[in-house]
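# Architecture at a glance
Below, each chain spelled out in residue letters.
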Amino acid sequence: MNGTASYSYASAALAFLFLCVLLLSKWRDRAPSRWLAAAAALTVLWAAACAMDGWSDGWTGGAFGAGTGGEPGPASLPPLATVLAEWLRSAAWSAVLLGMLGQFRPRGVMPTPLSRWTAGAYLLALAVALSRPWLAQSDYFTLSVLGGIGLAVLGLALVEQLYRNTSAHKRWAVKFACLGMGGLFVYDFYMYSDALLFRELSGELWAARGLVNALTAPLLALAVARQAAAVPQLAVSRRMLFHSAALVGAAVYLLTMSSAAYYLRYVGGSWGSLMQLAFLFGASMLLAGILFSGTMRAWLRVFISKHFYRYNYDYREEWLRFTGTLSQPGPLLAERSIQALAALVESPGGALWLREDGGGYAPAAQWQMPPQRDADCRLAPGAPFARFIEQRRWLVDLHGVPPDGAEPAPDWLRAIPRAWLVVPLMLHGQLTGFVLLLRARSPVVLNWEVIDLLKIAGSQAASYLAQQQADSALMLARQFDSFNRLSTFVVHDLKNLVAQLSLLAANAEKHHDNLDFQADMRRTMVYSVQKMKGMLQKLSRTASPQPATPLALERLLLQAVEQKAVFRPTPRLSIAAAGADVLVLADAERLERVLGHLIQNAIEATPKDGEVGVTLSRDGERVKLEIRDTGSGMSEEFVRERLFKPFDSTKSAGMGIGAFESREYIHELGGQLEVSSRPQQGSTFTVHLPLYRRDALERAA
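The notes below deal with the structure included here. (Residues numbered from 1 in each chain as written. Predicted model: local features only at pLDDT ≥ 70, side-chain atom pairs only at ≥ 80, totals over all residues. Heavy atoms only, no water.)

## Focus: the sheet that holds strand β11 (residues 672–678)
Taken in spatial order, the five strands of this open sheet run β7-β9-β10-β12-β11, and their pairing is mixed. Lying at the two open borders of the sheet, with one neighbouring strand each, are β7 (572–575) and β11. The mean inter-strand angle of the sheet, taken between neighbouring strand axes irrespective of direction, is 15 degrees. Most of the contacts of helix α18 (residues 588–604) go to strand β10 (residues 622–629), to which it runs at about 30 degrees, and overall it touches β9 (612–619), β10 and β12 (682–690). (Pairing = 2+ DSSP bridges. Helix = DSSP H or I, 4+ residues; strand = E, 2+ residues; numbered from the N terminus. Axes fitted to C-alpha atoms, helices over the stretch in contact; angles between N-to-C directions. Contact = heavy atoms within 4.5 Å.)

Now the structure itself:
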C-alpha cells in the first residue's frame, strides 16, 4: 500500500508542477494565475512530502489502522511535517478562493470579516497540529480529523460563494475552477468523515487521494485558459451568506450530534442502539425548530450584517422587497406598509396612525398586534408630540433616552405592550401619519444607517398611502358627480309635480263644490308636498355653506325632537345639569339636519313599542350627545364597512349619504362620532363636539 500511495502522490506532484510552470510562464500576466501558481507550488511540496513518506520507513506495513483496544495507534496519522504541508496546501487554495472573491484589501486597510474568520479557522487547525506532542493519541486523532472536516466544509462554502456571486455570463470562465477546487475539498471531506466514523484513517482512501488531486489539475488549467481577464472582485450576497452560514451551522450541529450519538451507543450496552436513535431524532427535531425560528433567523441576519459587511443592509435587495410589498395588489395597503417597515428591523408587528381632516391622528390599521381603540389612542390636532416629530423628523425610541427638547410620547402610546419605535411618515414636509413598531426579535442598534433607512422608507410608504387616499377622494368626487347628474332626473320629477298641482289649481274654481274632487285634491297635495320635501332634503346638501356661529345645543335638540313628535316611538330628550346652556360653534341648518338625521334613523330602526332616548351632557371641555334606541341594531361588519359608505343604503328609497354627511360634518367641527351596536339589542350613536368658550377665545386673543 505504501508503494501505491507513493506513486499516487508522485503523479499529483508532477501534475501540479506542470500547472505551476504554465502559470508562471504562459499565463503569468493574468491576476488569478499568481494565486494559483503559489497554491500549485505548495501542492507540489505537499504531494512530494506524502510520496516521500511512502518510500521511507515513516509508516510501516500500511499501519493506518487502529491500535490496541480499538484506539488509534501511533501510526494512525501522517508525520507532523506532512500534516503541516497539508495545512499549507489547504490554506493556499482557500486564499485563492478569497482572492477571487475580492476579499483581500490593500496594505493598511482592515481585512474583510470573511477573510478574518477564514484565517482564524486555519490558525485553530494549525494550533491543533502543533499540539501533537502534548495530547493523547486518541484526542489528537479526533481533533485532527474534525479539523480536516471543518476546513473542507469551509473550502466548499467558499467555492459555493464564488460560483453564486459570479454573473451568469461569466460563470463559464470559473466553473472549471470551482469544479477543480471543489473536488479537492469534497474528497478531503469524504476521507476525514470516513476516518471519524470508523476511528481510523483508511489506507485505500489515503492512497487514492494523490491520484484524485492529480485529476483536478487539468480542470484548473482549463479554467485559467478560459479566463480572458482578471476575475472581477465579487461582493458576497447577504442572502447567499445567510444560507451558507445556516448550511455550515447545520452540518457542524449534525456532526456534533452524530458523535454524541455514537458515544451513547458505545457506552449504552444493550440500550445503546435505542438511545442513539432517540437522541438523533430529538436532535433533528431541535435543529428543525431552530431553522424555522423567526427569532433565530433574525439574529443570524443581524450577526452577519454586523460582522461580515461594512453596511448593515443590502440596499438593492431591501428596496426591491420594500417596494414589492407596497406594490402588491389588494386593498390592505395600510397593513402592508406596516409589514414592509417592520421587516427592515425584524419587528414582529406594528400599528399605523393617519392624519384626519381635522388635523388629528387616529388608528388606521394594525399588523400582528391587537387593534387600538379609536377613542383612547388618538392624537388631538396640534398635539406637541406630533409637532415635534414633524419638525425634527425624529424616530422616537419609546424606551430610549429622549434628545434635548423632545416632547414626551403620550402615556397611552407607551402603555402598548412591547411598543418600541415610532417612525414618522413624512410627505412634502408634513406629517401624514406615523407607524408604531413592536420590539425587534433580535436587538437592533439604532445607528445612523438604520435611522436613515427607516426615514426614507417612511416617506416612500407615505407617498403610497397618499396616492391611495387621492384615488379614494377622486372616486368619491366621481360619485358625487353622478349624484349631481341624478339631480337632473329629480328636476324632471319636480316639473311633473308642478304640472299636476297647476292642473289642480286650474280646476279648483270649477269643482270647488265637488266633495270627491276636494278629497282627491287634498290627497294629491299631501303626497306632492311630502315628495318635494324629501327631494329638497336630499338636494339641500348642495347649498352654499353658511358661516359658523355659536349655537345653544339644547335649543337645537328641542327643535329636532319636536319635529319628530308625530312619529312612533316618540323620542325623549334628557339634559343633564352640566349640559345646560352649552354652546358649540357650527352652522345651525347643517347641525340641525345632522341631529335630525340621527334621530330619524333611530326612530326608523325601532318598533313602535320601543324607546328612543336623546341625552345631552358635558364631558370636560367637550359636549357629549347620545342617541340610543332599542331597535334592530347592526353588526360590527356593517358598522365598519357599510354604515358610513356613501351611496350605499339598505333602504329602498335611501340615497346612502345621510350617515356619511353626518360623520363628515362632525369631523369638520373637530368632533367625533362613535357607534356602539349589537343585532337585536339596539344602537347608540355618541357625538363629541368641542365646547365653545367665549372667555377662552378672548384670553387667547
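The discussion continues.
## Looking at the pattern of salt bridges
Counted according to the given criterion, the structure contains seven salt bridges. Its salt-bridge partner being Asp 188, residue Arg 89 comes within 2.8 Å of it at the nearest N-O pair. In this pair, Arg 89 is assigned in helix α3 (residues 80–100) and Asp 188 in helix α6 (residues 171–198), connecting sequence segments 99 residues apart. Residue Arg 89 shares its accessibility class with Asp 188, and that shared class is buried. Two residues, Arg 628 and Glu 626, come together in a salt bridge whose shortest N-O distance is 3.1 Å. On the accessibility criterion, Arg 628 (34% relative accessible area) is partly exposed. Residue Glu 626 is classed as partly exposed on the basis of its relative accessible area of 21%. Each of Glu 86, Arg 89, Asp 188 and Arg 209 takes part in one network of salt bridges that share partners. (Salt bridge = Lys/Arg side-chain N within 4 Å of Asp/Glu carboxyl O. Buried < 20%, exposed > 50% of the residue type's maximum accessible area, 1.4 Å probe, protein only.)

## A closer look at the packing of aromatic side chains
If you walk through the whole model with that rule in mind, you get nine aromatic pairs. Geometrically, the ring pair formed by Tyr 187 and Tyr 190 is edge-to-face, given 6.4 Å between the ring centres and 65 degrees between the ring planes. Here the residue Tyr 187 and the residue Tyr 190 both occupy positions in helix α6, the gap between them amounting to three residues, near one helical turn. For Tyr 190, a relative accessible area of 48% corresponds to the partly exposed category. Plain terms: the ring middles of Trp 353 and Trp 412 are 5.8 Å apart, the flat faces sit at 35 degrees to each other, and that makes the pair tilted. With Trp 353 in strand β1 (residues 350–355) and Trp 412 in helix α14 (residues 411–414), the pair connects residues that are 59 residues apart, well separated along the chain. For the pair formed by Trp 353 and Trp 412, the shared burial category is buried. Here the aromatic residues Trp 353, Tyr 361, Trp 412 and Phe 434 are joined through ring pairs into a cluster of three or more. The ring of Trp 46 has Arg 89 lying over it, and the distance from NZ or CZ to the ring centre is 4.6 Å. (Phe/Tyr/Trp six-rings, centres within 6.5 Å; stacked < 30°, edge-to-face > 60°. Lys NZ or Arg CZ within 6 Å of the ring centre and 35° of its normal.)

## Details of a nonpolar patch on the surface
On the surface, a cluster of nonpolar side chains totalling about 290 Å² of accessible area is made up of Leu 14, Leu 17 and Val 21. By the element assignment, Leu 14 lies in helix α1 (residues 2–25). (Patch = residues over 30% accessible without salt bridge, like charges linked within 9 Å, V, L, I, M, F, W, Y side chains within 5 Å. Areas by Shrake-Rupley, 256 points an atom, 1.4 Å probe, with all protein chains shown as cover.)

## Considering the sheet that holds strand β5 (residues 430–438)
In spatial order, the strands read β2-β1-β5-β4-β3; together these five strands make up an open sheet with antiparallel pairing. Each of the sheet's edge strands pairs with one partner strand only, and the pair in question is β2 (361–367) and β3 (396–397). Along the sheet face, helix α12 (residues 333–344) touches β1, β2, β4 (419–427) and β5 and points at about 70 degrees away from the line of β2.

## Remarks on the environment of Trp 35
Structurally, the position occupied by Trp 35 is in helix α2 (residues 31–55). For Trp 35, a relative accessible area of 28% translates into the label partly exposed. Sequence separation between Trp 35 and Gly 99 is 64 residues; the distance between their C-alpha atoms is 7.6 Å. When near neighbours in sequence (up to four residues on either side) are disregarded, Trp 35 contacts Val 96, Gly 99 and Met 100.

## Here's the deal with the nonpolar core
In terms of nonpolar packing, the biggest core is built from 37 residues, with Phe 16, Leu 19, Trp 93, Val 96, Leu 97 and Met 181 touching the most fellow members. Elements represented by at least two residues in this core include exactly α1, α2, α3, α4 (113–130), α5 (137–164), α6 and α7 (203–226). Non-local contacts of Trp 93, meaning those with residues more than four positions away in its chain, are made with Phe 16, Leu 36, Ala 39, Ala 40, Thr 43, Met 181, Leu 184, Phe 185 and Leu 220. Membership of the second largest hydrophobic core comes to 35 residues, among which are Leu 595, Ala 602, Leu 673 and Leu 691. (Core = buried A, V, L, I, M, F, W, Y, C linked by side-chain atoms within 4.5 Å.)

## Describing helix α13 (residues 384–392)
Residue pairs three or four apart in sequence face the same way in an α-helix, which turns once every 3.6 residues. Among the residues of α13, those classed as buried are Phe 385, Ala 386, Phe 388 and Ile 389. End-on, the buried residues of α13 take up no more than an arc of 160 degrees, which puts them together on one face. Looking at the packing, one finds that the buried side of α13 touches β2, β3, α14, β4 and β5. Immediately beyond the C-terminal end of α13, within one or two residues, lies Arg 393, with a positive phi of roughly 50 degrees. (Arc of directions from axis to C-beta.)

## So, the packing of α3 against α4
With their axes 10 Å apart at the nearest point, α3 and α4 run at an angle of 175 degrees to one another. It follows from the interaxial angle that α3 and α4 lie roughly antiparallel. Of the residues in α4, those touching α3 at Leu 80, Val 83, Leu 84, Trp 87, Ser 90, Ala 91, Ser 94 and Leu 98 are Leu 114, Ser 115, Thr 118, Tyr 122, Ala 125, Leu 126, Ala 129 and Leu 130. Counted by class, the contact of α3 with α4 contains 12 nonpolar, four polar and no charged residues. (Parallel < 35°, antiparallel > 145°, perpendicular 65-115°, else oblique. Nonpolar A, V, L, I, M, F, W, Y, C, P; charged D, E, K, R; others polar.)

## Points about unusual backbone geometry
Even without being glycine, His 428 reaches a positive phi, approximately 55 degrees. Take His 428: it is sitting in the loop between β4 and β5. Within the chain, Gln 680 stands out as a residue other than glycine whose phi angle is a positive 65 degrees. Here Gln 680 is to be found in the loop between β11 and β12.

## Here we look at the side chain of Ser 347
On the secondary structure map, Ser 347 appears in the loop between α12 and β1. In this structure the side chain of Ser 347 is engaged in a polar contact, spanning 3.0 Å, whose partner is the backbone oxygen of Gly 349. Once residues within four sequence positions are removed from consideration, Ser 347 is found in contact with Ala 342, Trp 367, Leu 437, Leu 438, Ala 440 and Arg 441. (Polar contact = N/O pair within 3.5 Å; in protein donor to acceptor, adjacent residues only side chain to side chain.)

## A short note on the packing of α3 against α5
α5 packs onto α3 with a crossing angle of 20 degrees between their chain directions and a minimal axis gap of 9 Å. In terms of their interaxial angle, α3 and α5 are classed as roughly parallel. Here α3 and α5 pass one another in a crossing that is left-handed. Mapping the contact onto sequence places Leu 80, Val 83, Ser 94, Leu 97, Leu 98 and Met 100 in α3 and Tyr 140, Gly 155, Leu 158, Val 159 and Leu 162 in α5. Of the residues belonging to the contact of α3 with α5, the class tally is nine nonpolar, two polar and no charged. (Left-handed = near helix turned anticlockwise from the far one by under 90°.)

## Comments concerning the side chain of Asn 213
Counting through the fold element by element, Asn 213 comes out in helix α7. The exposure class of Asn 213 is buried, given its relative accessible area of 1%. Here Arg 89 takes part through its side chain, which lies 2.7 Å from a polar atom of the side chain of Asn 213. In this structure the side chain of Asn 213 is engaged in a polar contact, spanning 2.7 Å, whose partner is the backbone oxygen of Arg 209. Those residues in contact with Asn 213, other than ones at most four positions away along the chain, are Ala 12, Phe 16, Trp 46, Arg 89 and Leu 184.

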